[in-house]
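# Inside the fold
Spelled out from the first residue to the last, the chains are:
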Amino acid sequence: MASSATRVLVINCGSSSLKFSVLPLQENTPVFSGLAERLGQPEASMTFVEAQGEKTTLVLDEPSHRCALSLLFSQLTRLNMLGSLCAIGHRVAHGGSEFTHSVLLTPETVDKIRRVSPLAPLHNPANLIGIEAALALLPELPQVAVFDTAFHQTMPPEAYTYAIPLEFQQRYQIRRYGFHGTSHRYIAAEAVAYLQLDPAHHGILIAHLGNGSSVCAVKNGRSVDTSMGMTPLEGLVMGTRCGDLDLGAAAWLAKCTGQSIESLCHLANTQCGLLGLSGLSSDCRTLQAACEKGVPRARLAIEVMVHRLARHLGGHLAALDRLDALIFTGGIGENSVLVRELTVRRLAVFGLRLDEQKNLAIRGGQSGVISAPGSPVIAVIPTNEEKMIAEDAAAIAGGRQATLLPANHF
Ligand code: ADP
């Protein structure tokens, strides 16, 4: 690796999109980023954003991930950035029980990712398309897979086991895996550094609240419980996902509407949550504005979301033996004064209390402590999954093992 190679290209491939960013090590913001959209459709295009915010949108010759990556690499060549890359980090949705941390991509690891892909049929195949295209185009550069599930592989069996006949877990890998692991791992490390917690003895609750949302209980740097399950559908009320739902209710709904399991699953992922409750939007900001105008369904949507969140936070406390901090992150956690206020109000029984003024002041990507004196610490810390992926990729490319918590945080 050239000594001048100090940047990581982070790639996140969806089924019809490809997001990328070029991150210098030790920095929080990309020097180049962008998004290819509508891949697979005739009008596919790719937008590039340079460090100064200058935007260019180009039409793709062919609406494929491979074509988007070739265009990206030619842009990186034009900007003289290709030689500055020390690694590529790929976000991978599901690592099953196979991957407990990030790994160097080799024919063997790619094959293992392929073998766990039936667990995430909407996400892993798209991730693999990006991986294979990038490996073919830049075979000499170390490339690393960073899994959304890996951080939660430290959960004990009682937290990850569904109460169904145990043979199904062994036969079909039906168990809880959890997601948002890269964000939870980043926030856990940031919280230890920012709040000067003892790295060997701490208990943290993290509420990652975005379009997808999850809670994680972190004990001494390790995930011990989380609210998402075998798929990202379980747990909290999200933008368009219902979160926890009685299987009996789902079966009754399927019977009443004549839907197949597949179409019910699609409905539970895309038409429920804040969108289904409000009938208006999946976007928390829009619902807050509607609440202020007195729209009852918008208010109910937010209250159901907050009730479920508080209930999960209370439940996740049982996985810890101490509570040093509750951290809010993600688009809603970082910005919504209202959601933080309504949630913490429901957790008063645990001694958690907000300082109203501090809560009002923290938004728009800032970190800050927002708890009242005497309460366990409540803080807002912006997440940065790209940075975590870049740190892992650089560490593994440099021959080091990616740690559960990045070493430079201590
Ligand atoms: P994703 O999970 O797609 O990464 P984000 O973490 O960006 O999503 O979170 C998106 C959510 O954050 C949306 O519901 C959006 O309305 C919400 N959000 C962003 N800014 C605010 C704000 N100022 N107040 C309330 N909610 C906000």
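This one's a predicted model, so the numbers in the text were calculated from it and none came from an experiment. (Residues numbered from 1 in each chain as written. Predicted model: local features only at pLDDT ≥ 70, side-chain atom pairs only at ≥ 80, totals over all residues. Heavy atoms only, no water.)

### A word on the sheet that holds strand β7 (residues 103-104)
On the basis of which strands lie adjacent, the open sheet formed by eight strands has the order β5-β4-β3-β2-β1-β6-β8-β7 and mixed pairing. Two strands in the sheet have a free side with no partner beyond their single neighbour: β5 (55-59) and β7. Where strand β1 (residues 7-13) meets strand β2 (residues 18-24), seven bridges bridge the pair, whose relative direction is antiparallel. Its bridge partner lying in β2, R7 is registered against P24. (Pairing = 2+ DSSP bridges. Helix = DSSP H or I, 4+ residues; strand = E, 2+ residues; numbered from the N terminus.)

### Considering the site of the ligand
Taken together, the neighbourhood of the ligand is formed by G210, N211, G212, D283, C284, R285, Q288, G330, G331, I332, N335 and S336. Contact distances for the ligand include 2.6 Å between an oxygen atom and a side-chain N or O atom of D283. The backbone of G331 places a nitrogen or oxygen atom 2.9 Å from an oxygen atom of the ligand. Surface burial for the ligand is 70%, taken as the share of its 580 Å² of free accessible area covered by protein chains. Secondary structure elements with two or more residues in the shell around the ligand: α10 (284-292) and α12 (330-335). Per-element accounting of the shell around the ligand gives the leading share, four residues, to α12. In terms of residue class, the shell around the ligand is built from two nonpolar, eight polar and two charged. (Near = heavy atom within 4 Å. Polar contact = N/O pair within 3.5 Å; in protein donor to acceptor, adjacent residues only side chain to side chain. Areas by Shrake-Rupley, 256 points an atom, 1.4 Å probe, with all protein chains shown as cover. Nonpolar A, V, L, I, M, F, W, Y, C, P; charged D, E, K, R; others polar.)

### Here we look at the pairing of strand β10 (residues 213-219)
Here β10 lies mainly inside the structure; six of its seven residues are buried. Direction of pairing for strand β9 (residues 203-209) relative to β10: antiparallel, over a ladder of seven bridges. Bridge pairing in β10 places G203 opposite K219. (Buried < 20%, exposed > 50% of the residue type's maximum accessible area, 1.4 Å probe, protein only.)

### Here we look at the packing of aromatic side chains
Per the counting criterion, the structure on display carries five aromatic pairs. Ring geometry for F20 and F32: centres 5.2 Å apart, planes at 65°, overall edge-to-face. In this pair, F20 is assigned in strand β2 and F32 in strand β3 (residues 32-37), connecting sequence segments twelve residues apart. Across the pair, exposure class does not vary: F20 and F32 are buried alike. (Phe/Tyr/Trp six-rings, centres within 6.5 Å; stacked < 30°, edge-to-face > 60°.)

### As for the pattern of salt bridges
Applying the stated criterion to the full structure yields 16 salt bridges. The partner of D111 in a salt bridge is R115, with the nearest N and O atoms 3.7 Å apart. In this pair, D111 and R115 are both assigned in helix α2 (residues 107-116), four residues apart and thus about one turn of the helix distant. When its relative accessible area of 55% is taken as the criterion, R115 is described as exposed. A salt bridge links R176 to D225; its shortest N-O distance comes to 3.5 Å. Of this pair, R176 sits in the loop between α5 (166-172) and α6 (181-194) while D225 sits in strand β11 (residues 222-226), and the two are 49 residues apart along the sequence. In this pair, the class of R176 matches that of D225, namely buried. (Salt bridge = Lys/Arg side-chain N within 4 Å of Asp/Glu carboxyl O.)

### Section: the state of the cysteines
For the structure on display, the rule yields zero disulfides. Among the cysteines around C256, which has no disulfide bond, C272 carries the closest sulfur, lying 14 Å off. C265 takes part in no disulfide bond, and the closest cysteine sulfur to it belongs to C242, at a distance of 8.8 Å. Accessibility expressed as a relative area gives 40% for C265, which makes it partly exposed. (Disulfide = S-S within 2.5 Å.)

### What to know about the sheet that holds β11
Pairing is mixed in the open sheet, where six strands are placed in the order β11-β10-β9-β12-β14-β13. For this open sheet the edge positions go to β11 and β13 (368-369), each flanked by a neighbour on one side alone. Sheet topology note: the strand β12 (residues 325-329)/strand β14 (residues 377-380) ladder contains four bridges and is parallel. Across the sheet, residue F328 finds its bridge partner in β14, namely V380.

### Considerations on the side chain of Q153
Relative to the elements of secondary structure, Q153 occurs in the loop between β8 (143-147) and α4 (157-160). Classification of Q153 as buried rests on a relative accessible area of 16%. Of note is the side chain of Q153, whose polar atom sits 3.2 Å from the backbone oxygen of G96. Among all residues touching Q153, those that are not within four sequence positions of it are G96, S97, F99, T100, R175 and Y177. (Contact = heavy atoms within 4.5 Å.)

### Points about the pairing of β8
Of all five residues making up β8, five are buried, and the element is well covered by its neighbours. Residue alternation in β8 divides its side chains into two sets, Q143, A145 and F147 and V144 and V146, and both sets are buried. Bridge count for strand β6 (residues 85-92) against β8 is five bridges, and the pairing is parallel. What sits directly across from V92, in β8, is F147. In terms of strand pairing, β7 meets β8 through two bridges, oriented antiparallel.

### Topic: the nonpolar core
Core analysis: the largest hydrophobic core is formed by 36 residues, its most contacted members being L209, L309, L313, L326, F328, V339 and I378. For this core, the elements supplying multiple residues, two or more each, are β9, β10, α10, α11 (296-317), β12, α13 (337-345) and β14. In this structure L209 touches L236, L309, F328, T329, G330, G331, I332, G333 and V339, once residues within four positions along its chain are discounted. In this structure, F32, L39, L85 and A134 belong to the second largest nonpolar core, which totals 28 residues. (Core = buried A, V, L, I, M, F, W, Y, C linked by side-chain atoms within 4.5 Å.)

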